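So you can see what is in the structure, the chains are spelled out below.
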Amino acid sequence: MSAITSQTRPATSSLSSARSARLLDTRPVWLVGVLATLAGAVVTEGFGLIARGVGVPMEAASPGATEAAEIPVGGFFGGVLFWSVVGIVLAVVLARWAKRPARTFVVTTVALTALSVAGPAVAPHTATSTQIVLAMSHLVAAAVIIPVVARRLSHRRP
């Protein structure tokens, strides 16, 4: 008597996501960082547009400013691109010289993200709802970018 085991095929979407993940695992760290940044920028800008659409005022002031200025459409996207350059450089450096680059990247970027959330909290002349959206936008960008880059850093190139 033989036992017959049923094997199920993974769904097509999980196959394509597994292939995409493997594809990113073999790409240069800087390229994965750029792609993750673009994805994070798009998602964060979408978050900002939704907040704007539900009536959150998109006006904020920098420290020392006497009044708030409008955050333009595309401002979230540009901010993510600007600050992610630091993260990409960090990832490349860690990939080259760190013993545990993925862990070091995650610890460092999570700490930097936590610090960045304090910025909107102290923005003068800025509505509380705007401060909350700005702080959450930092978390949204980090949630998209950090795991992708960390996954790449956890796989050494052959």
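Residues numbered from 1 in each chain as written. Predicted model: local features only at pLDDT ≥ 70, side-chain atom pairs only at ≥ 80, totals over all residues. Heavy atoms only, no water.

Asks: Help me understand helix 3 (residues 75–97), please; the structure alone is not making it clear to me.
Replies: Helix length check: helix 3 (23 residues) gives 34 Å between terminal C-alpha atoms against 33 Å at 1.5 Å per residue, within 8%. In helix 3, a bend of some 30° at Ser84 exceeds every other bend along the element. Where helix 3 is concerned, the buried positions are Phe76, Val80, Ser84, Ile88, Ala91 and Leu94. Looking at the buried residues of helix 3, the elements they touch are helix 2 (29–53), helix 4 (101–121) and helix 5 (128–153). (Helix = DSSP H or I, 4+ residues; strand = E, 2+ residues; numbered from the N terminus. Expected span 1.5 Å × (residues − 1). Bend = angle between axes of the 7 residues up to and from the residue. Buried < 20%, exposed > 50% of the residue type's maximum accessible area, 1.4 Å probe, protein only. Contact = heavy atoms within 4.5 Å.)

Asks: What should I look at first to understand the side chain of Thr130 in this one?
Replies: Examined against the element boundaries, Thr130 turns out to sit in helix 5. A distance of 2.3 Å separates the side chain of Thr130 from the backbone oxygen of Pro57, its partner in a polar contact. Setting aside its immediate chain neighbours within four residues, Thr130 contacts Val56, Pro57, Glu59 and Ile71. (Polar contact = N/O pair within 3.5 Å; in protein donor to acceptor, adjacent residues only side chain to side chain.)

Purely spatial values, then, with no claim about function.
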